Structure formats: C-alpha cells, structure tokens
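Examining the three-dimensional arrangement
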Amino acid sequence: MSAPSSIAISDSANFYVSAERVFDPSLVGVPVIVLSNNDGCAVARSNEAKALGIKMGAPVHHLKDKIKAHGVRVLSSNYTLYGDMSRRVSEVYEDFSPRVEVYSIDECFLDISRLSRLEPDLTSLGQRIRQTVWKECRLPVCFGAGDTLTLSKVANRIAKVDIEMNGVCIIDSEEKRQQYLASQPVSEVWGIGRRLTQRMKLTGIETALDLANLSPEQARCSFNVEIERTVREFNGHP
C-alpha cells in the first residue's frame, strides 16, 4: 500500500434530489423525495427525508401521513434532467483524468495513476475535483481513492458518512486499509447482498476486514469466484 493510489470513484449522494435542487433552491434544507417513473415509490431521498425514517423504495401511499406532518416535498422523476447533469459531471472528471468510466448515473471511476505520481497529495486533488464539480454543476460529490476498484468504493463510502473527512477519503497506507475495512459491516461491501451477508455472519465474518483476511482460495471455496475477487481487491490486487 505504499505506492500512490491509482483508482478513484466520485459520486453524488442523493443525486436525483441534488439535481432537482440545482434548479429549485426552495428544496434546499427541507425533506424531499423523488418517486419512481410511475410515481409509486421513493427512489431518492434527501438527508432530511432519511432522518424522518423514509426508506428507499417505500410506497408513496404508505408515506401520506409523514409527508403531511413534516412537509415533505414530493417530486416525479425527471430522467432527462438527471442524464444531462450526469453528463456534465462526467465532463468535469475528464478534465482531470485520461480515463473515466461511468459506473452509474451518479458514480464515475477515474484513473488517477498518472495524477497520483504528479500530485501525491490526493486529498487536495479530491477537494479540487469536488470544488470544480460544485462550481461547474452545483452538485455535491464525494471522492474516494485506493489501489483497487473495491478499495475506492470503501473509501468513497467513508467519505460520505464521516463528516470529518469533508467529502474525501484516501486509502494510501496499510494502517488506513485495516482501519477502514474494520469499520465497514460486511453487509455494506460492494456486491454482497442480504443472503451472502447472512451466510458470512454464520461463519464469523462481520466486517469487511474479516472478509479480507480470508485466503482467496477459502473465499472461493466457501462462497464464489466473485467473493474471491473481492478478497484480492481488498488486499490491493486489482
């Protein structure tokens, strides 16, 4: 882990809500939910809406009392807007990285291997990218980096939930790798669903670090080849 991190992921939490707030400032600071394309379920929630206990996928007809009591703003999806905002954010990333891979409408992987050699302070780089996206697109993003795709996903999640990180987390040492993996429940690991989580917990695997400490062979034998790859990536092997 002594080499500079080479992979980063930058994403926008609550992307649909954040995109709507760009064009309607009255939505800032209030609970907001965006509904699915048939207006049936909540597919995006502001932090204020999450604080009210509104769950992803909750049917809107189950939320009527909460919406009325707390003044929750309810919006229909506008996928044309979200696609355009996503494209604009990707163009900002392309100014920083020679290779940008759009993973989803709100997430992009960036190849920062060359940048990390030229600019070793990746925290400053991450902040510069965040500030540029805000300046150009008015969207808040978080930035995480590590030696592999999976480690960068872990770093990005830390950047989103730990306020002290100020939106940027870099896994660039063995100490940080161990610390951050130990802090992540295995249920939050990229690609691990509820059933696999239950199976892992039966064998004493509670955290991402517990999983990382398996041998790749044991991971494949006990689970599957995808978990073997996850274990390898957790240990810095792309």
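Residue positions are given per chain, counted from 1 along the sequence in the order it is written. Where totals are concerned, whole chains, interfaces and linings use all residues; where local detail is concerned, this predicted model gives features only for residues with pLDDT of at least 70, and gives and counts side-chain atom pairs only at 80 or more. Where side-chain values are given, they derive from all heavy atoms of the structure, hydrogens and water being excluded.

Description of the pattern of salt bridges
Salt bridge, as applied in this entry: a Lys or Arg side-chain nitrogen positioned within 4 Å of an Asp or Glu carboxyl oxygen. Applying the stated rule across the entire model yields 12 salt bridges. The salt bridge involving D172 is made with K176; its shortest N-O contact spans 3.1 Å. Of the residues examined, D172 reaches a relative accessible area of 34% and is grouped as partly exposed. Salt bridges sharing common partners tie together D84, R87 and E91. Buried residues are those whose accessible area, probed at 1.4 Å on protein chains only, stays under 20% of the maximum for their type, while exposed residues exceed 50% and partly exposed ones sit between those limits.

Observations concerning the sheet that holds strand β5 (residues 100–104)
Here a strand pair is declared whenever DSSP counts at least two bridges between the two strands. A helix here means a DSSP run of H or I that spans at least four residues, while a strand means a run of E at least two residues long, and both kinds are numbered starting from the N terminus. Strand order in the open sheet formed by 5 strands is β5-β6-β1-β7-β8, and the pairing between neighbours is mixed. Looking at strand neighbours, the two that pair on one side only are β5 and β8 (168–170), the edges of this open sheet. Within the sheet, the average angular offset between the axes of one strand and its neighbour, ignoring direction, is 15°. The pairing of strand β7 (residues 142–146) with β8 spans 3 bridges and is classified as parallel. Fitting a line to C-alpha atoms yields each axis, with helices limited to the stretch in contact; the angle taken between N-to-C directions then spans 0 to 180 degrees.

Quick look at the packing of aromatic side chains
The geometry of two aromatic rings is summed up by the distance between their centres and the angle between their planes. Two rings from Phe, Tyr or Trp (for Trp, the six-membered ring) form a pair when their centres are within 6.5 Å of each other. A pair whose planes differ by under 30 degrees is stacked, one over 60 is edge-to-face, and the rest are tilted. Considering all chains together, one arrives at 7 aromatic pairs under this definition. Summarising the aromatic geometry, the rings of Y103 and F109 are spaced 5.6 Å apart at their centres and angled 65° between planes, so their arrangement reads as edge-to-face. F109 gets classed as buried once you look at its relative accessible area, which sits at 5%. An aromatic cluster is present here, built from F15, Y16, Y79 and Y82 joined pairwise through their rings.

Some words on the pairing of β7
Of all 5 residues in β7, 5 are buried; the element is thus mostly enclosed. Alternating residues of β7 divide into C142, G144 and G146 and F143 and A145, and every residue in both groups is buried. Relative to β7, strand β1 (residues 7–11) is paired through 5 bridges, and the arrangement is antiparallel. Residue pairing in the sheet places D11 in a bridge with C142 of β7.

Some details on the nonpolar core
Side-chain atoms within 4.5 Å link the members of a nonpolar core, which is a set of buried Ala, Val, Leu, Ile, Met, Phe, Trp, Tyr and Cys residues. Counting 32 residues, the largest nonpolar core has Y93, I129 and V133 as its most contacted members. Among the elements of the structure, α1 (15–23), β2 (32–35), α4 (79–94), β6 (107–111), α6 (122–137), β7 and β8 are those that each provide at least two residues to this core. Looking at which element gives the most residues to this core, the answer is α4, with 6 residues. The residues touching I129, leaving out its near neighbours within four places in the chain, are Y93, F96, L110 and F143. L151, L181, M200 and A219 belong to the second-largest nonpolar core, a separate cluster that totals 27 residues. In what follows, residue pairs with any heavy atoms lying within 4.5 Å of each other are defined as contacts.

Nothing here speaks to function; it is geometry throughout.
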